[in-house]
Amino acid sequence: QCDVLFCQELFQVLIPAAWARMPNNKWRSAFVPPLESLLSQPHHSQFLKHSHGFITPNNAAYVGVGGGDNGSRPLCRNVVQSFLQVLSKLDPCPQISSDLLMHLANEYNCWHEVLSLLENQYCIAKSSGAPSSYQQDLISLMNTCYLNLKEDDIVLASKLGDGSFSAGTTQALSRDVYGMVEKALDDYSDLIEKASSICEDPSTFAEANGASSSSFSDSEVSLWEQRWVELNREMSQWDVLSDYAGESGDVELQIECGWKSGNWDKVRNLCTKPEVAASLELGDHRAKMNEVFLAIVDGKLNEVENIHAQTAQLCLKKWQLLPCVSSGGNSHRQLLESFHRLVELRESGQIMVETSHHSSNQTTPDLKNLLKAWRHRLPNEHDPITTWDEIFIWRNHMFSAIHTNFSWLDPESLATLHDKPWTAIRATEIARKQNRKEMAQISLNNLTECAMDVTDAFTKLREQILVYENGNEMKKSGGMNLINTTNLSFFNSSQKSELFRLKGKFSTHLGGRSRANQMFCRAIQVCPSYSNAWASWGELCSSIGYELEEKAKIEATDEKTKEASIATGKKSCQYLAQGMGCYLEAVHWNAKELDGLILPKVLWMLSKEESPDGVLCHTFDARTIGLPSWIWLPWLSQLLTCLCRVEGESVKDILSDIVTSHPQSVYFMLRAFYLERRDTERIRDSSSSGATGSSSQQQSPSVRHAEELMSTLRRAHPTLWSSLEVVLEELIVRFRPSLEEELLATIAALKERVESQLEQEMLNGSGEVPNAVASFQKTLNRVSIKFFQSHSSTTESSSKDERSKKAAQFRRRFKSAFERDFRTTAPSKGSEGDKKREETKKADEEPLSLSELHKHLKKWNQTLDRQISMAPSSFPLQQASPQLSFFSSDSPDLWPGTCDANYPGPKPSRRTGDNDDASLTSSTSTEAGQAESIAGNAAQLVAAAAAREGMAGHAGGGTAAVEIPGQYAPYRATALDSKPRPELHTKLTRFHPVVETLRRKNQVNRRLGLIGNDGRTHKFLLQFAIPYWTRSDERAAQLNYVCSALMKNDPMAARKNLTMQPTAVTAIAQRLRMTADDTSNQSLEGIYADYCDQIGRDRESASNQSFEEVIRLLGEAKEGKEVTASDRNKEETGLLTLEEIERKRAAKKTLEKNSRLKAFQKVCQEHVESDILLRSTRSYLGTPERSYHFRQSFARSVALNSLMQYVFAVVDRSPERFVFNMRTGQVVSTDFRLGYSNQGFLEPATLPFRMSRNIQELLGPLLLQGLFVPSMGMAAAALHARDDVLRSLLCLLLRDDIVHWYVSKSNARSDSKTRDLERQLMDRVQKNTTLANRRLEECVPNVNDGADGQKSGLMDEHVRELLKTSMDPEKLSKMQTSYQPWL
């Protein structure tokens, strides 16, 4: 009588509670047989109630990525699934029979629940030391679950990590996983062929494979056969498969080969087989679809509709049993492809009806609309070839039928009734893009005797030429000959230009650069608006320019050629200028596709300029005229830094256009840049005036340019500027961190440094280093001055200031205790005698030792932590900022284009009395008149709102209402990377009335909610950070933006759904920023802290225990070591030999390694469990299905993040910086800072990336080996394939990063000194870029040769070695305490 959902939720609460209260595991084991008996009852199949999605509080179904929101309730599809969900939450997990679980998964389609139970059983077996055979059986069952969820790639890749296969099988599998279909097929064919000769000569097979024939199991041979069939499918080898299917008796494969090769008699005979009838009884929609094929081919058009409806019903029934739709999952892909084919089968039946009718009447049907629909209804370009092949093969059957029915027509008329040429050419293009050259050639060969128009003929010729592009020199020569023998008179100007461009590229590949230059010039002359020709010409010129630049550097090092280097350098600049002009012209003619890839090259070339009147600046000024301003939006950070260089005047014009057209995209960044440069100039002027007695009144160029841009924005958009300034002023003043929070962050950083110094001194055994103690004491003195010295006298106005009152209260509470504990004294403002007495008293005090200093720092850390923890987790916005709480804004509802300068606007409505004759003939409908009146009024309102938004006719809009930050590239890119539409951006209506306080380790941030006109609340963290950190995160967003674009265009990476989501970072002031956040975002440290709070454990217990254990072990080892008098004498006199020194160093390293490893293992065993993260995510997500999708998305995102960590030597990935979304699994890429040595070089870290115990446990062995490793390798391959784009981008980003890094560690610098510093660091930039490129190349899957000359077999061996290193306990134990490697 109760609600089903309520009963389910009650069941999910009561069963785990009862299970947890059982006395012991013996009682729990006694309940397992009754549970198995209950689950195996057949009556459960009577209650297959299905409903997709999740029930929200509004009782509306919601389907999202990996499930619904946190407050939603999952809808189970049947009783068994609900029961298994409860069993998966029990602790300890009941050991249900694996055979029963697989039976339930098959019958009730609960693969996610069964997979979760099997993973729990595997974790128990692994921790309890169960036999390896039992663990392998569980992994095999988990592989079966993944196969039924259509995750074949994960299963294949996970087999590579087993190490149980031979080198030949490993190599074939590795090539198969990474899309090298042709080579993998050859490998499988060789293995099968050699395996078939075992009976004849086993020794030959053993010699060829390096192992005996008995080492190959039946499962391995079965794997060869299975993958050989699948790869032949992808290669469209239907004749080969037909012979195999006939020999093996595979009826389903015979039918597939029959209809794809057009052997309908064979298909007709096979459909009468008992195996096919059995499949139909089981509801196989594919067997029923074969009947639709035969009905259309046999002309039984009256039966097509009925059989089609039956097939659709079978597909829908299958669909109902599938999991929820989610991005990244493959379980629905096969059925979606079947739905696609069903739509075309129905249309094919209609075509056959029309062709039959018209052919009998000797008339021609009109099939243009249907053929046009078929051109647009296509799979994704990255979908497997088999998907494209099935669609195109059936279409070719239909085109052949049309050709047969209308054979009496002339070829030109017949060509209008089918689309066979375009279909074959499109198949060739897809095969070429997916690197299937043989398939591309086969598709082209099918067009030998087919009439086609000029466009199709040109496309066919272009594909024929491109097939030769990536071959050897002979094939490239063949491509060149094909171009030379082509008659160009039939083609238009753009087609001729493309052929000349291809001729230039082939000439470049063959070493004829002079000839290539002529061909590119000819291409531009034929069609000046062809952007690809401009881009190719620019690529040639820039490559020559960079080569000449390197030659000039080499010549400059030799006195004999130093004069010649000047001429070579000038020639290099000329080529670079020509390349820049070509690139900018390419963007001018095709801005939508080329701006994201070409503009970084342009900006890097521009940095080579040394004079404002140079050729590069002149070319930049001339070629940027007329370019749309929005194409520069992803590169605003680089444009602003250009203001400090010689090209500042040229870049200022571009920024001025952006300020006018898209003010909110640049306002925050420009304002922070202006304040930073202005303060730098003031510091410089004050220091110079202090030295000379006079100050310079001349502004630096960067400050002058920034001030002019700010003035332009203020004049052009006064309303917007006023609103933004009010908001920013409130954020800066009202949301500063408290003094307790600042002091806690400082104390925590000092504590980590002292702990590191203590460990080092204990290891060296040399006692305390006075310099280190003095350095810490100086730091503490500066901290005392900063926090406890009163900087201004107390006046009537300052006493009323709230922050002054809090500062005075803070000093009264902590000052005396701080000075007493750390023996610091803030400088007094008394007489000289008082100062001398203070200095004498301070000199008489004995300085603190490191151990005492660590003790006091630990005490202060705990005291301040308790103080801050007492603060509420949220507070009203009105309490902090009444002005923001009353902020309100109304934004107009506009449509795309209404704010453009060329928008035509509404047409004036015609009055009724203007034309009486026309009014007599017009409609008298009252409804029509009212509709026309309402439409006219609405158009006028929109035009008025657009005029307000457009502000004086400037294109772009978004100049009146304040937008939610982070809606422009690179933070948010549209699907087509086209022009932004600010009129459609979310506008700020008001602020959320509650401000949250978010605690991450020793940092406290305020999370502010911005309510947009879309009804959503957008969360932002207010963070105080130095400018370098903000700029670094801006560059990380740019890197993610470009990498996502490159991976989107790579078939293998796109098929894996690999993407990098940039996080919006908005600079509010120099040391204040807003970072986009989500309520579902959680850090690894936050999850551990919540877990400690739940069980009553101290959060710092693991860190303290690790530090104390390392110190204890080092001390015990030091005390236990016997030192002879001679050794002590040698140490004191320094008379040790080199061998003795090396021996002592090795002993010291061994001592440190063993002590750290023992401490690490003890912390892991006693203080930190390895499944904390897994338990937390399961509890948050609720169901195994949502957990499954989350883990897959998390594995991909962690793989991409790990690749970036390794390439750029990012070492600071402590738990509080490892942030991810608990709902989507996406890793947040903030605080992504590069690891530099003291000399400014990227310094390799001990660990390539973070893969600590809890992350390993969450992913599990299958996802680690089957998804994490391939995702990392495919991403590296996708990025390395576009090295021409990535190299310029890396040079640009690494140059800005190292310059900002140096500036952040030194005093303020003027523009000229910053340029000098940049020139000095250019060598480091080049070396860092080379290192990053080399590391990226190392991760690209490739077959390497071992030292013994035999192939290792694994294409991703380096990635797997990196993963092994990151999980190595010995390496993890070497990390600092703040890294928390045990977590």
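What you see is a predicted model, and the numbers here were worked out from it, not measured in a lab.

1. Focus: the overall build of the chain
Scanning the chain from N- to C-terminus turns up 59 helices and 12 strands. Every one of the 1383 residues in the chain was classed for burial, and the buried ones make up 51%. Long-range pairs, those at least 24 residues apart, make up 73% of the contacts in the chain with a sequence separation of at least 6. Total accessible area on the chain stands at roughly 65,100 Å², and carbon and sulfur atoms take up 50% of it.

2. Quick notes on a nonpolar patch on the surface
Judged by side-chain polarity, Phe 6, Leu 10 and Leu 14 come together as a nonpolar surface patch covering roughly 290 Å² of accessible area. Relative to the elements of secondary structure, Phe 6 occurs in helix H1 (residues 4-20). Among the residues examined, Phe 6 registers a relative accessible area of 45% and is labelled partly exposed.

3. Remarks on the packing of H1 against helix H3 (residues 79-88)
Running from N to C, H1 and H3 point in directions that differ by 35°, and their axes come no closer than 9 Å. The interaxial crossing formed by H1 with H3 has right-handed handedness. Facing H1, whose interface residues are Gln 8, Phe 11, Gln 12, Ile 15 and Pro 16, H3 presents Ser 82, Phe 83, Gln 85 and Val 86. For the contact of H1 with H3, the per-class residue count stands at five nonpolar, four polar and no charged.

4. Focus on the pattern of salt bridges
Should their charged atoms come close, side chains of opposite charge can pair. This model, assessed by the stated rule, comprises 68 salt bridges. Here Asp 419 ties to Arg 375 by a salt bridge, and the two come within 2.7 Å at their closest N and O atoms. Linking Asp 419 in the loop between helix H21 (411-415) and helix H22 (420-433) with Arg 375 in helix H19 (residues 368-376), this pair joins segments that are 44 residues apart in sequence. Overall, Arg 375 belongs to the partly exposed group, its relative accessible area being 34%. Two residues, Arg 1097 and Glu 1169, come together in a salt bridge whose shortest N-O distance is 3.2 Å. Here Arg 1097, found in the loop between helix H49 (1084-1095) and helix H50 (1101-1120), pairs with Glu 1169, found in the loop between helix H52 (1138-1166) and helix H53 (1172-1181); they are 72 residues apart in sequence, far enough to count as distant.

5. Observations concerning helix H12 (residues 238-248)
Within H12 the residues assigned to the buried category are Trp 238, Leu 241, Ser 242, Tyr 244 and Ala 245. Each buried residue of H12 lies within a common arc of 170° when the element is viewed along its axis, so the set occupies one face. Exposed residues on H12 whose side chains face more than 90 degrees from its buried face are Asp 239, Asp 243 and Glu 247. Buried residues along H12 sit against helix H11 (218-234), helix H13 (251-260), helix H14 (264-270) and helix H20 (385-405). Gly 249 sits one or two positions beyond H12 and adopts a positive phi of about 75°.

The rules we used
Residues numbered from 1 in each chain as written. Predicted model: local features only at pLDDT ≥ 70, side-chain atom pairs only at ≥ 80, totals over all residues. Heavy atoms only, no water. Helix = DSSP H or I, 4+ residues; strand = E, 2+ residues; numbered from the N terminus. Buried < 20%, exposed > 50% of the residue type's maximum accessible area, 1.4 Å probe, protein only. Contact = heavy atoms within 4.5 Å. Areas by Shrake-Rupley, 256 points an atom, 1.4 Å probe, with all protein chains shown as cover. Patch = residues over 30% accessible without salt bridge, like charges linked within 9 Å, V, L, I, M, F, W, Y side chains within 5 Å. Salt bridge = Lys/Arg side-chain N within 4 Å of Asp/Glu carboxyl O. Axes fitted to C-alpha atoms, helices over the stretch in contact; angles between N-to-C directions. Left-handed = near helix turned anticlockwise from the far one by under 90°. Nonpolar A, V, L, I, M, F, W, Y, C, P; charged D, E, K, R; others polar. Arc of directions from axis to C-beta.

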